[in-house]
Number of protein chains: 2
Amino acid sequence: MKFGYFDDHNLEYVITRPDTPRPWSNYLGRADFGGVITNNAAGYIFYKSADQGRLTRFRFNSAPAELGGRHIYLRDREDGDYWSNAWMPVGKSLDEFQAECRHGTGYTVIKSVYRKIRCEVRYFAPVGGTFEVWHITVANLDNRNRRIQIFPTAEPQCNWNATDDTKNLQYSQYIAQTRMVDGILDIASNPNMPEDPDNFTNKDQQRHSFFALAGIEAAAFEGDLASFFGPYGTYAKPHALLAGTCGNRHAYGDMPFAAFQVDLEPEPGESVTFAALFGVGEAESEGRRAVAAMDSEQAVEHALGEVKEFWQSRLEVLSAETPDPGFNSMINLWAPLNNLMTFYWSRTASLVYAGERDGLGFRDSLQDLVGSAALVTAETRERLELLLTGQYANGGCKPVVQPFNHHPGEEEPPEQFRSDDAMWFFNAVPAYVKETGDLAFYGKTLPFADGGEASVFGHLRRAIEFSLERSGQHGLPCGLFNDWNDCIRLGESGETVFVALQLRLALDEYAAIADLLGEAEEAQWARTRLE
Amino acid sequence: MKFGYFDDHNLEYVITRPDTPRPWSNYLGRADFGGVITNNAAGYIFYKSADQGRLTRFRFNSAPAELGGRHIYLRDREDGDYWSNAWMPVGKSLDEFQAECRHGTGYTVIKSVYRKIRCEVRYFAPVGGTFEVWHITVANLDNRNRRIQIFPTAEPQCNWNATDDTKNLQYSQYIAQTRMVDGILDIASNPNMPEDPDNFTNKDQQRHSFFALAGIEAAAFEGDLASFFGPYGTYAKPHALLAGTCGNRHAYGDMPFAAFQVDLEPEPGESVTFAALFGVGEAESEGRRAVAAMDSEQAVEHALGEVKEFWQSRLEVLSAETPDPGFNSMINLWAPLNNLMTFYWSRTASLVYAGERDGLGFRDSLQDLVGSAALVTAETRERLELLLTGQYANGGCKPVVQPFNHHPGEEEPPEQFRSDDAMWFFNAVPAYVKETGDLAFYGKTLPFADGGEASVFGHLRRAIEFSLERSGQHGLPCGLFNDWNDCIRLGESGETVFVALQLRLALDEYAAIADLLGEAEEAQWARTRLE
């Protein structure tokens, strides 16, 4: 079964059949604002953290495929027939409905043709912004005027904390509020609580997101989920699409929703373009600014161009031409692109990672740096410094560093350590230095997580000491809470061959670095232990 | 809009229109095994805890109403048309589809008539069993033979821990396994881990549930969710119903499912009856025993009779006849029935309470006892003793007691206390004693949560001392973490008028009890403090 192909010229993967066996996802945005989007426009948007800054709802484990997302519904006012621009959730027969999805570098384009109406939606998050743009073009391919409605929709969470939103309904169902502010929908969580911008993990604070149209006027809006879907509606069968109208309702408690209704009457061959914007902040301020920034097709095109440039400039750093086009495509585009995504998000946001691990997995992130060092050198250094401050004075490390909740010098050490975490420094730090030649980096002083400080070189020594001080009866490092195999608790006396190999590499690397730095005694110290 | 009526003769509430504005739920089972079921058969089943012993999946906050539950699908083999016995999830037009739901005392009956096929399902959990019975009767109202298929279905969790099942997909998607054992489907969670029966809260242990038919042979089964629904199927549109067959697949990792396909060809006027059983334990043992216990219509009728008797015997204790039939209905049936349900579950399981508060809310449970004392006297005493052991030696109480995870004498006190918890003893304990005349109860010795012990009378004194020792500058008790108003943190110095009133009642009651017990000094001590 063939579902698509690589379009290397446009740096896109093209999905030509929407009924893929599993959802096929892409990533929008960057480290601190982003989203997951599938070939059927399912997925979610988050700010800083998929778990604690979740803006829109997505039910993980929704095996029956009622998936929330960025659904753009269309409706023919002549007979009430309705569909979604992505094949799902309405799911029209594929005999009548054509769809194409292009997953690109930081953007996704989903196109459909159904009953002589063509719709194309380009999803992306402008560089430096904290909002998404859904750039929508509807074209009449018919030879007569058509009366068409478009309903862009998003399902905001009641609380940005994903677990609370899922489980703590007694609380979360009473804290959401939507209201229209000059055509922009403000979606508030806890509007009666103070803001607490310095404590991102405080879920009981006032927060806002917004939903807006740019380039067109809405005929109606919907701010209340129950009103949009009706009591027994589903994503496939929303009440508003059956009725052909949004209810102009605000949510006040209960569930918020974000939808606009746009009524069009395009002439034969005519196409209409506008944008829907969903982002972080209040309608009055950030909402207005986003609308102003995306006030023309040129502005949107420019912003999308910047997104492509953002990613493609990072991918151009490294290229290879071989006789195998498949290998070229993999090595020049898809492998580095995915390496960068995992560098930015460290696997915390996807269709599977639901925020259960919220932050930068320590060992994972150090591994990712080996690849990113060549692609995003300055960002790699920044991340490396962050992770070095996740090391405690005893040489062990935090299993997860949350950039939005990390306070070097003030972190309590955990009761148990993983034995491999600090060892990955010996892959990551030399990778960065070899890329840059920046030997001075080894001299940079950085704090430990629980207090005290050392040069980067000192951090590395502490990592080795941590392993040496925790050796078992055969002289091999002990596994502690676990080594790279998360499933075995080797404890304080069980030894790990895996970390022993890492330690050998560490001592080798450390001696080589010491040589470079002219630290003969340190080199000697490491080499003695190698014997 | 009229959706139903009270049928006081049958002690049922009858819902005659299935499209109620919100789901209308009833409770099956008892304290340690039960479930929530709506008028459209949505809901879930749990063992001991809706949070940590969740057997079947239910996505809270599913505002678009794709709700998991105990769905019984039917299909006409002649033209492939299919429906659900409850109106939802398939949701046939109400012009063609008739439904009636009867919520009774510990059971729910859902009936439908569609295209001359009548189906009736009676849902209940036998007294003393840890399984549910779905007793299914399908009747041909047509004047010709009909070829009909029935698909009873349940959606088991991967992990009994509801939060893990919702969020920790990297783990939970790899631990489920289903297999057929002599016609009974065994659904295993963590089959490769040891059992840990003494630690109910250990989510990483082997557990089993089962799904079986009694009284009929299945034509096929389904143990794999993806196979039943297909990649883009929904509850409204499962692949198996489109295809007219279950796939006979086992789950091995990924998502389990539990369904049987029964093929019937009833003659005009003929009806066929059988049961589907879902319960706790392995197919080989508990599954077989359940099937053997429900091996005839007589056995099922007897078991349902016992359920009615279980509840109705508890409700008969208290009755009143007034000129107002509505008041009679409320006071004789619905108020006490709901009082008992909240007594057993303490609001931890419902369509809203998703396990976020998992256990017996302290103050709530003490309040519930005032009502239950007359209805279930022995069980009230048992609960009262449990809650008294949730009091610490300093007189303060645990905010929540988890019966499956409570170890009196070994519980660490919390850092902060709620000021009202212990005060509710003065409502609950006298209510029990007044009902029974059991003055000796005050002399019963019970441990404190953190060690030490006292008579019930001593527990009461400690409760008063706790308040007196935590008074503010006007001599009123301080609010501490909170009083009955959960939203105000009055702290160590802010005073609470509410608890002051409670304290006054407490001193009054204590003095009266002391009089009854001939403890003149104690009575004097309390009365002095009242002045």
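As a reminder, the structure under discussion sits directly above these lines.
Now for a quick tour of the structure.

What counts as what
- Residues numbered from 1 in each chain as written.
- Chains lettered and ligands numbered in written order.
- Predicted model: local features only at pLDDT ≥ 70, side-chain atom pairs only at ≥ 80, totals over all residues.
- Heavy atoms only, no water.
- Contact = heavy atoms within 4.5 Å.
- Buried area = accessible area lost by both parts, 1.4 Å probe.
- Salt bridge = Lys/Arg side-chain N within 4 Å of Asp/Glu carboxyl O.
- Polar contact = N/O pair within 3.5 Å; in protein donor to acceptor, adjacent residues only side chain to side chain.
- Helix = DSSP H or I, 4+ residues; strand = E, 2+ residues; numbered from the N terminus.
- Disulfide = S-S within 2.5 Å.
- 1 Å grid on protein atoms, 1.4 Å probe; cavity = no way out; pocket = protein on both sides within 12 Å on 5 of 7 lines; lining within 4 Å.
- Points joined across faces, edges and corners; volume = space filled by probe spheres on them.
- Nonpolar A, V, L, I, M, F, W, Y, C, P; charged D, E, K, R; others polar.
- Pairing = 2+ DSSP bridges.
- Axes fitted to C-alpha atoms, helices over the stretch in contact; angles between N-to-C directions.
- Buried < 20%, exposed > 50% of the residue type's maximum accessible area, 1.4 Å probe, protein only.
- Phe/Tyr/Trp six-rings, centres within 6.5 Å; stacked < 30°, edge-to-face > 60°.
- Lys NZ or Arg CZ within 6 Å of the ring centre and 35° of its normal.

**Topic: the interface of chain B and chain A**
Then, in step 1: Opposite the 47 residues of chain B that make contact, chain A presents 47 residues.
Then, in step 2: Taken together, the two surfaces of chain B and chain A that pack against each other cover about 3,600 Å², and 56% of this comes from carbon and sulfur.
Then, in step 3: Inspection of the chain B/chain A interface yields four salt bridges.
Then, in step 4: Between R22(A) and D254(B) there is a salt bridge, and its shortest N-O distance comes to 3.8 Å.
Then, in step 5: Applying the counting criterion to the chain B and chain A interface returns six residue pairs in polar contact (both at pLDDT 80 or more).
Then, in step 6: Broken down by secondary-structure element, the contributors of at least two residues to the side of chain B that touches chain A are α1 (162-167), α2 (169-172) and α3 (225-229) of chain B.
Then, in step 7: Per-element accounting of the side of chain B that touches chain A gives the leading share, four residues, to α1(B).

**Looking at the state of the cysteines**
Then, in step 1: Throughout the structure, instances matching the rule amount to zero disulfides over all chains.
Then, in step 2: The thiol sulfur of C487(A) is not disulfide-bonded, and the nearest other cysteine sulfur, from C158(B), lies at 17 Å.
Then, in step 3: With no disulfide of its own, C246(B) lies closest to C119(B) among cysteine sulfurs, the gap being 16 Å.

**As for the side chain of R102(B)**
All names here are of chain B.
Then, in step 1: Considering the arrangement of structural elements, one finds R102 in strand β9 (residues 97-103).
Then, in step 2: At 2.5 Å, the side chain of R102 forms a polar contact with the side chain of E12.
Then, in step 3: Those residues within four positions of R102 in sequence are excluded, and the remaining contacts are Y5, D7, N10, E12, Y13, V14, Y107, T108, V109 and K111.

**Considering empty space enclosed by the protein**
The method is simple in principle: a probe with the dimensions of a water molecule rolls over the atoms, and the space it marks as empty is what remains.
Then, in step 1: This model, assessed by the stated rule, comprises 14 cavities of 30 Å³ or more.
Then, in step 2: Space inside the largest cavity adds up to approximately 310 Å³.
Then, in step 3: Of all the elements in the fold, those that place two or more residues in the lining of the largest cavity are α1 (162-167) of chain A together with β6 (49-54) and α1 of chain B.
Then, in step 4: In the lining of the largest cavity, the residues fall into eight nonpolar, six polar and 11 charged.

**Section: the sheet that holds strand β11 (residues 117-124) of chain A**
All names here are of chain A.
Then, in step 1: Ordered in space as β1-β2-β9-β10-β11-β12-β19-β16-β15-β14, the 10 strands form an open sheet in which the pairing is antiparallel. Of all strands in the sheet, those with a lone pairing partner are β1 (4-7) and β14 (176-181), marking the two edges. Shown here is a sheet whose adjacent strand axes are inclined to one another by a mean of 15°, direction ignored.
Then, in step 2: Sheet topology places β14 next to strand β15 (residues 184-189); six bridges connect them, and they run antiparallel. Bridge assignment links M180 to a residue of β15, and that residue is L185.
Then, in step 3: Contacting β10 (107-114), β11, β12 (131-140) and β19 (271-280), helix α6 (residues 297-315) crosses the sheet at an angle of about 55° to β11.

**Quick notes on the pairing of strand β18 (residues 256-264) of chain B**
Residue and element names in this part refer to chain B.
Then, in step 1: Burial runs high along β18: eight of the nine residues are buried.
Then, in step 2: One ladder, built from five bridges, connects strand β13 (residues 148-154) with β18; its direction is antiparallel. Opposite I150, over in β18, you have V262 as the bridge partner.
Then, in step 3: Inspection of the sheet shows strand β17 (residues 220-224) paired to β18 by four bridges, in the antiparallel sense. Looking across to β18, one finds that E222 is bridged to A259.

**A short note on the packing of aromatic side chains**
Then, in step 1: Summed over all chains, the structure comprises 68 aromatic pairs over all chains.
Then, in step 2: Where F229(B) meets Y235(B), the ring centres are 5.4 Å apart and the plane angle is 85°; that geometry is what we call edge-to-face. The pair formed by F229(B) and Y235(B) is uniform in burial state, with each residue classed as buried.
Then, in step 3: Every member of this aromatic cluster is reached through a ring pair, and the members are Y27(A), Y44(A), F46(A), F58(A) and W345(A).
Then, in step 4: The positively charged end of K48(B) is found above the aromatic ring belonging to F200(B), 5.9 Å away from the centroid.
Then, in step 5: When the ring centre of Y107(B) is taken as origin, the NZ or CZ atom of K308(B), which lies over that ring, is 4.8 Å away.

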